[in-house]
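# Inside the fold
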Amino acid sequence: MPGWTSCPSLGKSETGQIGKGNGMDIAQIARRIEAGERRALARAITLVESAREDHRAEAGALLEALKGSGREALRIGLSGTPGVGKSTFIEAFGMFLVERGLKVAVLAVDPSSARSGGSILGDKTRMEQLSRHPNAFIRPSPSQTQLGGVARRSREAVALCEAAGFDVVLIETVGVGQSETMVAGMADLFLLLIAPAGGDELQGVKRGIMEMADLILVNKADGDLKPTATRTCADYSGALRLLRKRQQDPEGYPRAMMVSAMTHDGIAEAWDAMQALATWRQENGHWAGNRAAQARSWFEEELRAALLARLERDSAIRNMVDELGASVANGDTSPTKAAETVLAALDR
Ligand SMILES: Nc1nc2c(ncn2[C@@H]2O[C@H](COP(=O)(O)OP(=O)(O)OP(=O)(O)O)[C@@H](O)[C@H]2O)c(=O)[nH]1
Ligand SMILES: [Mg+2]
C-alpha cells in the first residue's frame with residue numbers, strides 16, 4: 001500500500017521539496033489528487049490521519065484547496081459482524097463496479113483495536129483482484145485512537161477520495177456499537193450485511209442499527225445455506241416493514257435482499273436497488289439535504305473537538321478540571337456547578 005507506512009508530511013514531497021504547508025505545496029498536491037494520482041492520495045490520507053498539529057494545519061489547507069472540485073461520489077457505508085463476509089462482498093461488488101468502468105475506493109474504519117495486522121493481510125488476500133485493479137483503491141484502517149478521531153479522519157479520507165474522482169467510495173466498518181452510526185453519518189447509503197441464521201438471530205441486531213440501514217443484504221445465500229438465507233431474508237423484510245416510515249425512502253425501502261459474495265448471485269440486483277434509491281433521493285431533494293446535514297454536523301463536531309483540545313492545552317484549566325472532577329466524584333460539588341466554574345474561569 002503506497003504511503004501506508006511512509007512519513008505523512010506532504011512537505012517532503014516526491015519532488016524533494018521541504019515545505020511547511022505553504023500554498024505552493026498544497027496547491028501542487030491538490031492538483032495531483034485531482035488528477036487521480038494514487039500515490040498523492042495515499043500520502044494525503046496518511047496526512048489526515050496524523051494528529052500532529054502541523055499536519056492538521058496542512059490537512060485543513062489541503063481539504064480547503066480541494067473543496068472546489070465539485071466531484072461527488074456515491075458514498076456507501078457497509079457494516080456487519082466479523083465473518084459475515086464484508087471483505088468477500090467488497091471484492092465481489094468492487095470488481096462488479098470496476099468492470100462497469102467505475103472507479104472504486106474502499107476505506108476501512110475500525111474504531112476498536114480488534115483489527116490486527118493479520119486481518120489487514122487477510123483482507124488483502126480476500127480482496128486480491130480488487131486491490132490489483134487500476135480503478136480501485138483500498139485503504140486499510142489506521143492504528144487506533146478514540147472514536148472521535150476516527151470519525152474525523154474517515155470523513156476527511158472520504159473527501160479526498162471524492163476529490164480524486166472516485167465514482168463510488170465504500171466505507172466498511174465491523175459492527176461495533178457506535179461505529180455504524182459514525183459510518184452511516186458520512187454515507188449516502190448504508191448497507192447492513194447479515195449472515196443466514198435462525199429467527200433468534202434477528203434479535204441480535206439492534207433496532208437502532210436496523211433503522212439506519214437502507215438495504216439489508218443477507219449474504220452467503222448459496223449452497224446449503226440458501227434455504228436458511230431465504231428464511232432470514234423474509235424475517236428481515238418483515239422486521240423492516242414494522243419500522244417507522246422514513247422520509248428519505250421511496251416505496252419498498254428499506255429492503256432486505258439475498259446475495260452471495262462467493263457466487264456473485266444477487267450482486268447486480270443489489271446494485272440496481274442502490275442506484276434506484278440514490279436516484280430517487282437525488283430527485284426528491286433528500287440526497288442534498290442529507291449531505292448538508294452531514295456537513296453541518298461535521299462542522300459542529302470539529303468545533304467541539306477544537307474547543308476541547310484548547311482546554312486540554314491550558315494547564316491551569318486542565319488542573320482545574322482535574323480538581324473539580326475529583327470534587328464532583330466525591331459529591332462535594334455538583335456537575336453543573338463544576339462546569340460553570342470552568343466556564344467562568346475561561347471568561348476571565
Ligand atoms: N458460502 C459463503 N461463504 C462466504 C461468503 N462470503 C464470505 N464467505 C466466507 O465467510 C468467511 C468470512 O468472510 P470475510 O469476507 O473475511 O468476512 P468479514 O466480514 O470481512 O470478516 P472480518 O473482516 O473478520 O470482520 C470466509 O471464510 C469467506 O470465505 C458467501 O457469499 N458464501
Ligand atoms: Mg474483513
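It should be noted that the structure appears before, not after, this text.
Since this is a predicted model, take the numbers as computed values, not measurements. One numbering rule holds for all chains: residues counted from 1, following each sequence as written. Starting at A for chains and at 1 for ligands, labels are handed out in the order in which the entities are written. It should be noted that, the model being predicted, local features are given only for residues of pLDDT at least 70 and side-chain atom pairs only at 80 or more, the latter also being counted only at that level, while totals for whole chains, interfaces and linings use all residues. Side-chain metrics rest on all non-hydrogen atoms present in the structure, leaving aside hydrogens and water.

A few words on the overall build of the protein chain. Counting from the N terminus, the helices are DSSP H or I runs at least four residues long and the strands are E runs at least two residues long. When helices and strands are counted, the protein chain shows 15 helices and 7 strands. Think of it in three bands: with a 1.4 Å probe and only protein chains considered, a residue is buried below 20% of the maximum accessible area for its type, exposed above 50%, and partly exposed in between. Buried positions account for 47% of the 348 residues belonging to the protein chain. Taking all contacts inside the protein chain whose residues are at least 6 apart in sequence as the whole, residues at least 24 apart take part in 79%. What sets the accessible areas is the Shrake-Rupley method with a 1.4 Å probe; for residues, cover comes only from the shown protein chains. Total accessible area computed for the protein chain in this model is approximately 17,300 Å², and 53% of it derives from carbon and sulfur atoms. In this description, contact between two residues means that some pair of their heavy atoms is separated by no more than 4.5 Å.

Position of K86 among the secondary structure elements: in helix α4 (residues 86-99). Here the alpha-carbon distance between K86 and A261, two residues 175 residues apart in the chain, equals 8.5 Å. With residues near it in sequence (within four places) discarded, K86 still touches L78, S79, G80, T81, E172, T173, V174 and L193. Nitrogen and oxygen atoms within 3.5 Å of one another constitute a polar contact, given that in protein one can donate a hydrogen and the other can accept it, and given that sequence-neighbouring residues count only through two side-chain atoms. Among the polar contacts made by the side chain of K86, one reaches the main-chain carbonyl oxygen of T81 at a distance of 3.1 Å.

This part takes up the sheet that holds strand β1 (residues 74-80). Across the sheet, 7 strands lie side by side as β3-β2-β4-β1-β5-β6-β7; this open sheet has parallel pairing. Strands at the two margins of the open sheet, each flanked by one partner only, are β3 (136-139) and β7 (255-258). Averaged over neighbouring strand pairs, the angle between their axes works out to 20° when direction is ignored. Bridging between strand β2 (residues 104-109) and β3 involves 4 bridges; their strand directions are parallel. Within the sheet, the bridge partner assigned to L107 lies in β3 and is R139. A pair of strands counts as paired when DSSP detects no fewer than two bridges linking them. Here an axis means a line fitted to C-alpha atoms, over the contact stretch when the element is a helix, while the angle between two N-to-C directions is reported on a 0 to 180 degree scale.

Turning our attention to the layout of surface pockets. Detection works on a 1 Å grid of protein atoms alone, calling trapped sets that fit a 1.4 Å probe cavities and calling open sets with protein on both sides within 12 Å along at least five of seven lines pockets, with lining residues defined by an atom within 4 Å of a point. Grid points are joined across faces, edges and corners, and a volume is the space filled by probe spheres set on the points. Taken as a whole, the largest pocket encloses approximately 1,400 Å³ of empty space. Lining of the largest pocket is provided by 45 residues; of these, R56, R152, E156, W298 and E302 occupy positions nearest its centre. When residues of the lining of the largest pocket are traced back to their parent elements, those giving at least two are α2 (38-49), α3 (53-66), α7 (147-163) and α13 (286-313). Polarity classes work like this: nonpolar for Ala, Val, Leu, Ile, Met, Phe, Trp, Tyr, Cys and Pro, charged for Asp, Glu, Lys and Arg, and polar for all others, with Gly in that last group. Split into classes, the residues belonging to the lining of the largest pocket amount to 17 nonpolar, 10 polar and 18 charged. For the second largest pocket, the calculated volume is near 400 Å³. Lining of the second largest pocket is provided by 18 residues; of these, A184, A187, Q248, N290 and Q294 occupy positions nearest its centre. Put simply, the parts of the chain that give the lining of the second largest pocket at least two residues each are α8 (178-184), β5 (189-194) and α13.

Let's shift gears to a nonpolar patch on the surface. To count toward a patch, a residue needs a relative accessible area over 30% and no salt bridge; like charges are then connected within 9 Å, while nonpolar side chains (Val, Leu, Ile, Met, Phe, Trp, Tyr) are connected within 5 Å. The salt bridge criterion pairs a side-chain nitrogen of Lys or Arg with a carboxyl oxygen of Asp or Glu, the two atoms within 4 Å. There is a patch of nonpolar side chains on the surface, built from F299, L303 and L307 and spanning about 310 Å² of accessible area. Inspection of the secondary structure assignment puts L307 in helix α13.

Attention now goes to the packing of aromatic side chains. Between the rings of Phe, Tyr and Trp (Trp by its six-membered ring), a pair exists once the centres lie within 6.5 Å; its type follows the angle of the planes, with under 30 degrees stacked, over 60 edge-to-face, and the other angles tilted. The tally for this structure, following the rule as stated, stands at 3 aromatic pairs. Centre to centre, the rings of F137 and F166 are 6.1 Å apart; their planes meet at 45°, and the pair counts as tilted. Separated by 29 residues along the polypeptide, F137 in strand β3 and F166 in the loop between α7 and β4 (168-174) bring together distant segments of the chain. One exposure class covers both F137 and F166, and it is buried. Pairwise contacts between aromatic rings join F89, F93 and W271 into one cluster. When the ring centre of F96 is taken as reference, the NZ or CZ atom of R100 above it lies at 3.6 Å. Taking NZ or CZ as reference, K103 lies 4.9 Å from the ring centre of F166, over its face. Definition used: whenever NZ (Lys) or CZ (Arg) falls within 6 Å of the ring centre and also within 35 degrees of the ring normal, the charge is taken to sit over that ring.

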